[in-house]
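Chain by chain, the residues run as shown.
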Amino acid sequence: MYRIAVTNRHLCQEDFLTRIRKLSEDPAYDAILLREKDMTAEQYRVLASEVLAVCQENNKKCILHSFWQIAAEYGHPLIHLPLPLLRTLDQEQKSLFTEIGTSVHSVEQAEEAVRLGADTITAGHIFSTTCKPGLPPRGLDFLKKVCSSVTIPVFGIGGICADNEKSVIEQGAKGVCIMSGAMGGNRSPGDQLYGL
C-alpha cells in the first residue's frame, strides 16, 4: 500500500512543522505532498525550504505542488500540478522534473494527462469528504474506469482512511492520498498502525 500524506495546514491540530516531522518519521507514509494552494509564491518558497529539509533529514519523499518555478529553483525533481497548469508547461519546463503528477476528475482528463506527459495521476474525490462539502463523491467505479484507461500509476484521493483504503487499491490504484488523517483529523493508517 503506497500512501501519500497530503498537507493542509488549516486542518493541522498542532504546529505544522511538528506534524510534518511526525509524518516524515512515520513508516505508514511513503511520501508527503506539500499542497498549500492558498499561499503566495514567497510564502510557499519559505515553507517548502523548511519541509524539504525535514523530509531530507528523514529520507522521506517530498512532492511540491503547483509552484513549479520554486521547485525548479530548488532543483527539486518532484512536482504535482493541477491539470490546467500542466497544460501551460512546454517540453523544456517539463524536462526540469523527473516526476510530474496531476489531478483528474474524469477518464478524459486522465487520458489527456498521459498525453501531456504526466507520470502519475491523482483521481478523486472518491468518498465524501469535508474538504468538498456538498459535492457528491465520484466513487469506486469512477476510480476503476480511470485506472483501466491509463498505464501510469493512479492514486485515489478524497475521504480515504484506514477503513476504506483497501477498496481503493482493489480498483487498480497504486496507492492512496490522505489529507484529513495525515493532518491529525480522521483516523489514518499512521494513527492506527503506529500510534501517532
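Quick caveat: nothing in here was measured; it's all calculated off a predicted structure.

**Structural notes on the environment of R9**
Counting through the fold element by element, R9 comes out in the loop between β1 (2-6) and α1 (16-25). For the pair R9 and Q56, spaced 47 residues apart in sequence, the C-alpha to C-alpha distance is 20 Å. At a separation of 2.8 Å, a polar atom in the side chain of R9 contacts the side chain of D38.

**Let's talk about the packing of helix α6 (residues 107-115) against helix α7 (residues 139-149)**
Orientation of α6 relative to α7, taken along the N-to-C sense of each, is 30°, at an axis distance of 9 Å. When the axes of α6 and α7 are compared, the pair comes out roughly parallel. Helix-helix and strand crossings are classified by hand; for α6 and α7 the assignment is right-handed. From α6, V107, A110 and E111 reach across to α7, where they touch K145, V146 and S149. Here the residues of the contact of α6 with α7 are counted per class, giving three nonpolar, one polar and two charged.

**Thoughts on unusual backbone geometry**
Keep in mind that most residues, glycine aside, have a negative phi and that most peptide bonds are trans. Here the residue pair G124 and H125 is connected by a cis peptide bond, since its omega of -5° sits within 30 degrees of zero. Secondary-structure assignment places H125 in the loop between β6 (120-124) and α7. For N59, which is not a glycine, the phi torsion comes out positive at approximately 55°. With respect to the helices and strands, N59 occurs in the loop between α2 (41-57) and β3 (61-65). Residue classification places N59 among the exposed positions, given a relative accessible area of 73%. For S66, which is not a glycine, the phi torsion comes out positive at approximately 70°. The residue S66 is located in the loop between β3 and α3 (68-73) in this model.

**Let's talk about α1**
Each turn of an α-helix holds 3.6 residues, which means side chains three or four residues apart point in the same direction. Here α1 has its buried residues at F16, R19, I20, L23 and S24. All buried residues of α1 fall inside an arc of 135° around its axis, so they share one side. With a side-chain oxygen lying 3.4 Å from the backbone nitrogen of L17, the N-terminal cap of α1 falls on D15.

**Considerations on the side chain of S106**
Along the chain, S106 turns up in the loop between β5 (99-104) and α6. From its side chain, S106 meets the backbone nitrogen of Q109 in a polar contact 3.0 Å long. Apart from the residues lying within four places of it in its own chain, the contact partners of S106 are F142 and V146.

Procedures and definitions
- Residues numbered from 1 in each chain as written.
- Predicted model: local features only at pLDDT ≥ 70, side-chain atom pairs only at ≥ 80, totals over all residues.
- Heavy atoms only, no water.
- Helix = DSSP H or I, 4+ residues; strand = E, 2+ residues; numbered from the N terminus.
- Polar contact = N/O pair within 3.5 Å; in protein donor to acceptor, adjacent residues only side chain to side chain.
- Axes fitted to C-alpha atoms, helices over the stretch in contact; angles between N-to-C directions.
- Parallel < 35°, antiparallel > 145°, perpendicular 65-115°, else oblique.
- Left-handed = near helix turned anticlockwise from the far one by under 90°.
- Contact = heavy atoms within 4.5 Å.
- Nonpolar A, V, L, I, M, F, W, Y, C, P; charged D, E, K, R; others polar.
- Buried < 20%, exposed > 50% of the residue type's maximum accessible area, 1.4 Å probe, protein only.
- Arc of directions from axis to C-beta.

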